[in-house]
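# A closer look at the structure
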Amino acid sequence: MSDRNEKLVTVIIDGIEIRVPPGVMVVEAAKQAGIEIPVFCYHPKLTPVGMCRMCLGEVGLPARDRETGEIQVDDAGNPIIRWFPKLQTTCTTRVSDGMVIRTQSEQVAFARRAVLEFLLSSHPLDCPVCDKGGECPLQDLTYSYGPGRSRFDYEDKFHFEKPVPLGPLIALDRERCIQCARCTRFQDEVAGDPVLSFENRGRGMEIVTYSDPPFNSKFSGNTTDICPVGALTSRDFRFRGRAWELTNTRSICPHCAVGCNIIVGHRAGEIRRIMPRENNAVNEIWICDKGRFGHHFVNSADRIKTPMIRKGGRLVIVEWQEALEYTAARLREVRAEYGPEALGGLSGDRASNEDLYVFQRFVRTALGSNNLDQWRPLQDVAGSELVAQVGVGSGTNLMDLGAGDAILVVGADVEEEGPILYLRMKQASERGAYLAVVNGRPTKLARYAEDAPIIRYGGEAHFVLGLLKVMFEENLTDSEFVAQRTEGIDEWIAGLAQYDLAALADGASVSVDDLQRIARTLAQAQNLIVSYGHDALVAGSGPALIRALANLLLVTGHVGRANNGLLPILPHNNSQGAADMGVSPLWLPGYRPLDDEAARRHLTEVWGDELPSSPGLDAGAMVQGGLRSLFVMGADPVGDRPDLRQVFEELDFLVVQELFMTDTARMADVVLPAAAFAERDGTFTNAERRVQRFWEGVDPPGVARPDWEILTDLAHLMGHRFGYADAEDVMEEISQVVPVYAGMQYSQLGGEAPFGIRTRLHFVYEGTSFVSPDQETGRQWPVAAEDEKVRLPISWIAPSEMPAGDPDYPLLLVPQKRLYDDGTLIERSRILEAWVPPPVIYINHADARRFGVEDGDPVAVTSPSGDTKLTAKVGGRVPAGIALIPLGLLGSGVWRLGIDRGIVKGRLAPVKEAVVAPES
Amino acid sequence: MEEHIVLRDLDVPGIDDIDTYMAHGGYETLKRALKEMSPEDVTQVVAASGLRGRGGAGFPTGRKWMFLPKGVYPRYLVVNAAEGEPGTFKDRQILEHNPHQLLEGIILTAYAIEAETAYIYMRGEYLKALSQIQMAIQAAHERGFLGNNILGTDFSCHVYLHREGGAYICGEETALLNSLEGRLGQPRVKPPFPAAKGLYQKPTIINNVETLTNIAPIVEKGADWFRSFGTEQSPGTKIYALSGHIRRPGNYELPMSVTLRELIYDYGGGIPGDREVKAVIPGGVSAPALTREHLDITMDFNSLMEAGSMLGSGAVIVFDETTDMAWAAHRMMRFFSQESCGKCSPCREGTYWIVNIMTDLMRGTGDVSDIALLEAVASQIQGNTLCPLGDAAAGGPTLSTLKHFQEDYIAHVPVISSQ
């Protein structure tokens, strides 16, 4: 951190003397002095262009003697000011010492009125039917500065067909556009998808999209926030309500693990729109289109509204009382007859911390079993325990990364897995941070990387061990840190000694040069963040890779500080929280082992209940068959894996607590309707371990209730008193029994502080995203490395052997996680349908020729575990020998290939008939 | 005038051929400069000559070159051949008939500013000029005046020809740079100035064709020789492109001490039918109109500035006493409105609005308040735009004709007979 006080310059704005950093724009300096300069094209996150001319001001500089450079003074000793002959755009004028600015003079007022009159001369003034009405800078600035009436003949206005779709999500009203270029600059500079541009000249200039499909960007919705008029509007929100009629509830995006802060704007019990809420540590003022448009599941007509019990083979609607009593009785019966080991609980990782905590308590006490796990397609890997050790330090903010810092991303397609994180990594790279993107295929983030080697799938751990080998050979490690803060280094060095650098490079299929160059840069970085994601996990190098990444951070001392450490790109919004809460057969809340006596004692005391002591089954084992009863909360194992149907049919008693009638729910004996995120209070913990609060906004459909509340009632009927009155009570207990959540009471997570009071100034300078008073909300829980007294274990996990080639199956079938799929939540946002591809398989031209396949052909894809039909997409940037298969697409049947659990080998063959329609 | 400095094609027929050009001393200056002079020497001579830019702004050329930040490379030279100012056809004659003198000037300038790449950004409609320059570049290459290690020295220079797409605004230097880079042809905010951050954000010098065609003679004959023409503040000759109501329209290369009256009557042969001058636009349609009161001013940068107009490109358009100046202004404003790039709001909206008001007047559907409104709208543009186009449109055709020829506007207001 540089000293912020160094080299400030003094400027005088409207007689107010203020000290600001040199080089800031006058408009920003004025803001600091409490002086409002109206703007349209200026936006603090975009390159200034000085187009709209609204911010004109008088600017003068002290006159200097040509010879000596000294400031000239008048007789009274005051500096002589040389005024620029013309008004200057204050959004493009950088302050310098002694600068004098006037923003309130008659000349300036005249210019502002002039610019407004000009802008309004081509504007339709259709405010009564404009979605921007009420949060529109043009309206507001006209109110403040404008002429009361126009001298422009209304008949001379331009008229266009309105609106036209600019893309699947965004509508363009050309009449309203004031040609400020905020949207084009956002797409060029922030999103990095330069798909918008101006076409034509002068008054005929209009915004067009050049991409095919149109407006091809995952961030398109943000342009509607920063558009200073109603030219770009959301096709989803269009005519769905006036801005001032909406009730705005603070919330957290329920989709990916980035945890963007959002506002749920609702009216009459229905969500009308999702807007970004400023949090500079998480999402700044942006959200992705999935977050913005993917909310329709909440108000979907097919939500489960009532409890149901299977009677006579059919699920019938019942009262809560009956459903809960029946469920309690049946679970007790099974427990009594077969023992607690015959019961188990599976949960998704999307529910809130409160739900997940109560869920594990329910399974451990009311069911009495440690058969408890999250249902995730990638069961075996998450790395949560290592995150608890060496996760990114508290106070981490990717916005702080710049020159001298480094980010290493291994096996992740960050744009698809965490779009806003992608933006922030891109920006860090643009600020000068070193970015290395390592994967088995090219990804979009690689555009911004200094190094982006394409490695062999499965060779991820080899790659990282190769980096470590270089670091040791070249003495680039922080031996002092290793000696003082870690343990187990010797065993680890012995493990690494079995491999030479050339072998590791060969395993990853990269050059030794690459390894050396990247290792040197990473080791010398001031700050280092290391990320991994879905691609690394499906490649099967999971445990060895994550261990190796943790070790890399440890031996270079890049842990325990802000902006250093491990940042996994986890699959869902609360994957981290689910692990933290102890939804695991192996550990109690807070990663304490089942046999941690102190922890057990504490929990027993708080819960007033006995805890099962024997390790339970994990999710994989639970679906092998053998259990008598399963309680499933917010997960759809049968939908994900239709081959599990048999196992679920054999259960004596299946309870499913859900939002929708999933395939699993259809098989249940009892279905319990749960409330969605916007319908209740709670917290999610994002990939950076930031615990973030969200608030109840709309009512749940029918009699649906929050998960924790259902479980609390059920436990009570089964003789276990949890005693939670509200979600806050649950978090109160979590803050007591989960050590790292100490201090996470609701009062500390944003409380009831005023928020979202968007002033006119905010609309003008930033857009319609919502303001947070403290800009950063939520709290990161500290990792072990932050405690100076903790010695951090380093251990050795050997990388897995590379499988030998198989002539029968010459391709690697790589499952790809896409932002837009046909998942339960996205499927119900029809507006996003345009972005969801049909079931496809991507291969490159050489492989297409080898298998006699052409672009668009139906193909049979075969793996050792089964086959399915897909449409071939030839080209793109898939490496030879790799076939990329997006997951989660309707009708793809790709589960039969077994790829939901990782990469498998396979082959292709052209088939005659077209790919048949969806089967599930 | 004994001899032309720039329009040497008038004295030496066939000088567009490299052999003819060389037979008359062509490329000798380049040979001598590369051998005997440092880049700084060349810059010094040009600075001492007092040569001012012939594109319109009249900025001292040598001083512009000296603005290049030290030690930042690569640098680029961009030749502004996007001659789009209505009434202007002076660069065209050079490009079509004296291309090698321009090219020699380009190479000398590239040497002076240490640029190895020069782009000629050429008006798209100049088809003959395009082929002439293309052939000249090729011929110069063949003789070793262009390419790597020119004449055996360390200096290399490559010249590329770029054909403009037909936008007036791309004659504005920063819009030109955007267009050359493949971006939207809209002006950039200054600062940074092109000398600091120009083409591809690198130090760039942009000079007009006529300016560069002066370079070889200046380097050959020296600053004092050049200063023996014209005035103290505006040394050298200038090509005046004479058009409008004039007996002998055409390009006249004259010292900048010539008066407007001499230009019109002595060189241009006066006005057909011996009618009176009503108005003169002395520097292309961007320049405010003058009246017959101004005929005795000298046609140099400073005198025209003092008279409330500007030398601009040196396109002198003469209007005789039969001209309806409101009608003429309407024609000119339609041009500006058509050519406004749309980047900044006062120009985009204001020029359109002015055209609407003027159209109303021309149709006889305006009223007397429109004349005040015209003045108001033009004043709202003036001084508030991003680049000079809007300022020129407001201050040139609109405000200057309103000032000097308001009766022409009033004549378009229908007379409502009082009962």
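Reading the values: rules and limits
Residues numbered from 1 in each chain as written. Chains lettered and ligands numbered in written order. Predicted model: local features only at pLDDT ≥ 70, side-chain atom pairs only at ≥ 80, totals over all residues. Heavy atoms only, no water. Helix = DSSP H or I, 4+ residues; strand = E, 2+ residues; numbered from the N terminus. Rg over C-alpha atoms; globule rule 2.2 N^0.38 Å. Buried < 20%, exposed > 50% of the residue type's maximum accessible area, 1.4 Å probe, protein only. 1 Å grid on protein atoms, 1.4 Å probe; cavity = no way out; pocket = protein on both sides within 12 Å on 5 of 7 lines; lining within 4 Å. Points joined across faces, edges and corners; volume = space filled by probe spheres on them. Nonpolar A, V, L, I, M, F, W, Y, C, P; charged D, E, K, R; others polar. Phe/Tyr/Trp six-rings, centres within 6.5 Å; stacked < 30°, edge-to-face > 60°. Lys NZ or Arg CZ within 6 Å of the ring centre and 35° of its normal. Contact = heavy atoms within 4.5 Å. Polar contact = N/O pair within 3.5 Å; in protein donor to acceptor, adjacent residues only side chain to side chain. Pairing = 2+ DSSP bridges. Axes fitted to C-alpha atoms, helices over the stretch in contact; angles between N-to-C directions.

What chain A contains, in helices and strands, is 28 helices and 38 strands. Here the C-alpha radius of gyration of chain A, 30 Å, is about what a compact globule of 920 residues would show, namely 29 Å. Its C-alpha atoms give chain A principal-axis dimensions of roughly 100 × 65 × 65 Å. Residue burial in chain A is summarised as follows: out of 920 residues, 63% are buried.

Residue and element names in this part refer to chain A. Taken as a whole and assessed by the stated rule, the structure comprises 8 cavities of 30 Å³ or more. Its boundaries defined by the atoms lining it, the largest cavity holds a volume of some 200 Å³. Along the walls of the largest cavity sit 19 residues, with Thr-224, Ser-234, Phe-237, Arg-273 and Met-275 positioned nearest its centre. Counting only elements with at least two residues in the lining of the largest cavity, the list comes to helix H5 (222-226), strand E11 (232-234), strand E14 (270-276) and helix H6 (289-293). Broken down by element, the residue count for the lining of the largest cavity peaks at 4 residues, all from E14. Grouping the amino acids of the lining of the largest cavity by side-chain chemistry returns 5 nonpolar, 5 polar and 9 charged. Of the volumes computed, that of the second largest cavity is approximately 120 Å³. A class-by-class count of the residues in the lining of the second largest cavity yields 5 nonpolar, 3 polar and 6 charged.

What follows is about the packing of aromatic side chains. For the coordinates displayed, the defined rule picks out 34 aromatic pairs over all chains. A centroid spacing of 4.8 Å and a plane angle of 55° characterise the contact between Phe-186 of chain A and Trp-286 of chain A, whose relative ring orientation is tilted. With Phe-186 of chain A in helix H4 (residues 182-191) and Trp-286 of chain A in the loop between E14 and H6, this residue pair connects regions lying 100 residues apart in the sequence. A single burial state applies to Phe-186 of chain A and to Trp-286 of chain A, both of which are buried. Ring centres 6.0 Å apart and planes at 70° place the aromatic pair Tyr-168 of chain B and Phe-336 of chain B in the edge-to-face group. With a gap of 168 residues between them, Tyr-168 of chain B in the loop between strand E3 (158-163) and helix H8 (173-180) and Phe-336 of chain B in helix H14 (residues 325-339) connect regions that are remote in the sequence. Each of the two residues, Tyr-168 of chain B as well as Phe-336 of chain B, counts as buried. Feature note: the residues Phe-118, Phe-152, Phe-158 and Phe-160 of chain A together with Tyr-352 and Trp-353 of chain B constitute an aromatic cluster, connected by ring pairs. Just above the ring of Phe-660 of chain A sits the side chain of Arg-828 of chain A; from NZ or CZ to the centre is 3.7 Å.

Here the focus is the environment of Asn-844 of chain A. All names here are of chain A. Mapped onto the elements, Asn-844 comes out in the loop between strand E34 (840-843) and helix H28 (845-851). For the pair Asn-844 and Leu-343, spaced 501 residues apart in sequence, the C-alpha to C-alpha distance is 48 Å. Those residues in contact with Asn-844 that sit more than four places away from it in its chain are Val-874, Gly-875, Val-878, Pro-879 and Ala-880. A distance of 3.0 Å separates a polar atom in the side chain of Asn-844 from the backbone nitrogen of Asp-847.

With that out of the way, let us pick up the sheet that holds strand E18 (residues 372-374) of chain A. Residue and element names in this part refer to chain A. Read across the open sheet, the 7 strands follow the order E16-E15-E28-E27-E26-E17-E18; overall the sheet is mixed. The sheet is open, and its two edges are formed by strand E16 (314-317) and E18, each paired on a single side. Ignoring strand direction, the axes of neighbouring strands in this sheet form an average angle of 20°. Pairing analysis gives 3 bridges linking strand E17 (residues 343-347) to E18, with the strands arranged parallel. If you follow Ser-347 over to E18, its bridge partner there is Gln-374. Contacts from helix H7 (residues 320-338) reach strand E15 (308-311), E17, strand E26 (629-633), strand E27 (653-658) and strand E28 (670-673) within the one sheet, and its direction differs from that of E27 by about 140°. Against the sheet, helix H8 (residues 353-367) contacts E17, E18 and E26, and its axis sits at roughly 175° relative to E17.

None of this, on its own, says anything about what the molecule does.
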